[in-house]
Amino acid sequence: MENGRVLVFSSREICYYSGNFFANQLASAFEEIGYWAELCELSKGEDFDQKLAPYMEKEYEVIVDFNSLLPRLVLDDGSYYLDHLNGPFFDYILDHPLFHYAGLTSDASNLHVLVLDESHQTYAQKYYPKLSGVHMLPLGATQGVYQGKKLHADRILFLGTYDTTDHIKALIEQAPAQRQAVMRHLIERRIAQPLLPMEEAFLDYLGEREIKLDAEAFALAMNEMYPVDAYVRDYFREKAVETLLAGHIPVVAVGEGWEKFKTPHQRFLTTEKAVTFSLSFEKIARESALLNAFPVFHHGMHDRIAAGMANRTVVLTDRNPYLEKHFTDEKQLCFYDLNRPESLLEKADRLLSDAPLRERIGREAYENFSENHTWKKRAQQILKLAALYRR
């Protein structure tokens, strides 16, 4: 029955156990299309060498991990573990490559990368030239078990972690004075221009001062300035939720840290504790509208968008060139502008007051998901990419 073997790792614990969830979904999708899928989940405290050794002897069509620890793994003889795997290895990176400097600077020859944003692809290709291949491919999504009537038509759901910008400022203040100045400059630029990638803002900064860095030094500097990305994410996340609350639109925020969110419009905000990633789809399936505010994916598609589409829940998302190319406003998604808070309020009002519109968008979004964004589709696309590199 099977066409061949594939191997899926879950080598590190990611927030809300999302990495484990993605690994299981992808492994199941490979099996659905006729491949024999092996799944290896690693946990802290385990003997990695003993657990990983059996996979070095088998041939695989493709090997995948999420935010992988494996590119750094070196054997006793100094060789990289990845180079002992018989099949192309893909690290599915779930955030900006700047956070993965240690893994992406690996000298392993069998290291390919999947990213969720076109600008992340360009960045990884330019600043990590040793990578064997870099491809942009959004994550798949999953339908919740719940398939009944939407329970809430008068509020907007937000799923995600919250941290205060003051806390991130404190992290910035721990850096050397010169780096602090650069980070503050980059934050200011990116808030003024939400679609400006951090690396372009940094290049502009260096150019204005006639400073030159080679690719390796540039990538290291970007890694050291990771609080910039975190600050921009939480700034716009906070701004979007506060805009809705100030407009008297109820928001339910699910995730870690929302107890720290302070607003004069508290009566319109409901906070709930974080749930595991698998349960998040059940939350989404019961809601009519889902907010996406993720400006650090400004040329790509966050998995929260596909999750809403999979569950016929209308996604109200900040627009970007990638989304505008692949979707139509008020057809599969609803767009708003990050630097125009009133556009978010207008769209939210319209969605919550127009049930036929919500139902139509939810239906068309689901049709698009079914054709383009299932895990089965992702498995097929990954196999096609792997075919380019098999020895």
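Since this is a predicted model, take the numbers as computed values, not measurements. (Residues numbered from 1 in each chain as written. Predicted model: local features only at pLDDT ≥ 70, side-chain atom pairs only at ≥ 80, totals over all residues. Heavy atoms only, no water.)

Caption draft 1: Representation of the packing of aromatic side chains in the model. A complete count under the given rule lists 24 aromatic pairs for this structure. Note on Phe 66 and Tyr 92: the rings are 5.4 Å apart at their centroids and 10 degrees apart in plane angle, and the pair reads as stacked. A residue pair is termed long-range when its members are at least 10 positions apart, and Phe 66 in strand β3 (residues 62–66) and Tyr 92 in strand β4 (residues 89–92) qualify at 26 residues. The pair formed by Phe 66 and Tyr 92 is uniform in burial state, with each residue classed as buried. What links up through ring pairs into an aromatic cluster is the set Phe 21, Phe 22, Phe 66, Tyr 92, Phe 277, Phe 281 and Trp 375. Lying over the aromatic face of Tyr 205, Arg 209 brings its terminal NZ or CZ to 3.7 Å of the ring centre. (Phe/Tyr/Trp six-rings, centres within 6.5 Å; stacked < 30°, edge-to-face > 60°. Helix = DSSP H or I, 4+ residues; strand = E, 2+ residues; numbered from the N terminus. Buried < 20%, exposed > 50% of the residue type's maximum accessible area, 1.4 Å probe, protein only. Lys NZ or Arg CZ within 6 Å of the ring centre and 35° of its normal.)

Caption draft 2: Looking closely at helix α14 (residues 355–372). For α14, with 18 residues, the first-to-last C-alpha span of 26 Å sits near the 26 Å given by 1.5 Å per residue. Among the residues of α14, those classed as buried are Leu 357, Arg 358, Ile 361, Gly 362, Ala 365, Tyr 366, Asn 368 and Phe 369. For α14, the angular spread of buried residues about the axis comes to 165 degrees, placing them on one side. Seen from the open side of α14, the exposed residues pointing more than 90 degrees away from its buried face are Pro 356, Glu 359 and Glu 371. Two to three positions downstream of the cap, the backbone nitrogen of Leu 357 sits 3.1 Å from a side-chain oxygen, assigning the N-cap of α14 to Asp 354. (Expected span 1.5 Å × (residues − 1). Arc of directions from axis to C-beta. Polar contact = N/O pair within 3.5 Å; in protein donor to acceptor, adjacent residues only side chain to side chain.)

Caption draft 3: Here's a closer look at the pairing of strand β7 (residues 156–159). Side chains of β7 alternate between two faces, with Ile 156 and Phe 158 and Leu 157 and Leu 159 buried alike. Judged from the four bridges that link them, β7 and strand β8 (residues 251–254) form a sheet pairing that is parallel. If you follow Leu 159 over to β8, its bridge partner there is Val 254. (Pairing = 2+ DSSP bridges.)

Caption draft 4: Up close: the pairing of strand β5 (residues 112–115). The alternating pattern of β5 places His 112 and Leu 114 on one face and Val 113 and Val 115 on the opposite face, and all of these are buried. Inspection of the sheet shows β5 paired to strand β6 (residues 133–136) by four bridges, in the parallel sense. Its bridge partner lying in β6, Val 113 is registered against Val 134.

Caption draft 5: The arrangement of the side chain of His 302 in detail. Structurally, His 302 is set in the loop between β10 (289–292) and α11 (303–310). His 302 sits in the buried class, given a relative accessible area of 11%. One polar contact links the side chain of His 302 to the main-chain amide nitrogen of Arg 304, over a distance of 2.9 Å. Residues within four places of His 302 in sequence aside, it is in contact with Asn 292, Phe 294 and Phe 297. (Contact = heavy atoms within 4.5 Å.)

Caption draft 6: Here's a closer look at the nonpolar core. Residues Phe 9, Phe 30, Phe 66, Tyr 92 and Phe 202 are the most contacted members of the largest nonpolar core, which totals 108 residues. Ranked by the residues each element gives to this core, the list is headed by helix α1 (residues 18–32), at seven residues. Apart from residues no more than four positions distant in its own chain, Phe 30 is found in contact with Val 6, Val 8, Tyr 35, Ala 37, Val 62, Ala 379, Ile 382 and Leu 383. One finds Tyr 162, Val 241, Phe 261 and Leu 352 within the second-largest nonpolar core, a separate group that totals 30 residues. (Core = buried A, V, L, I, M, F, W, Y, C linked by side-chain atoms within 4.5 Å.)

Caption draft 7: Broad picture of helix α4 (residues 118–127). When α4 is considered as a whole, its buried residues turn out to be Ser 119, His 120, Gln 121, Tyr 123, Ala 124 and Tyr 127. Packing partners of the buried residues in α4 comprise β5, β6, α7 (198–208) and α8 (215–224).

Caption draft 8: Inspection of the pattern of salt bridges at higher detail. By the definition in use, this model includes 22 salt bridges. Here Glu 342 and Arg 340 are joined by a salt bridge, their closest N and O atoms 3.2 Å apart. One network of salt bridges, in which partners are shared, links Arg 319, Glu 324, Asp 337, Arg 340 and Glu 342. (Salt bridge = Lys/Arg side-chain N within 4 Å of Asp/Glu carboxyl O.)

Caption draft 9: Representation of the environment of Val 232 in the model. Tracing the chain through its elements places Val 232 in helix α9 (residues 226–246). With 67 residues separating them along the chain, Val 232 and Thr 165 place their C-alpha atoms 8.6 Å apart. For Val 232, the contacting residues outside a window of four places in its chain are Arg 190 and Pro 295.

Caption draft 10: Looking closely at unusual backbone geometry. Its identity as a non-glycine residue notwithstanding, Glu 210 has a phi of 55 degrees, on the positive side. Looking at where Glu 210 falls in the secondary structure, it is placed in the loop between α7 and α8. Within the chain, His 248 stands out as a residue other than glycine whose phi angle is a positive 65 degrees. Tracing the backbone shows His 248 in the loop between α9 and β8. His 248 sits in the partly exposed class, given a relative accessible area of 45%.

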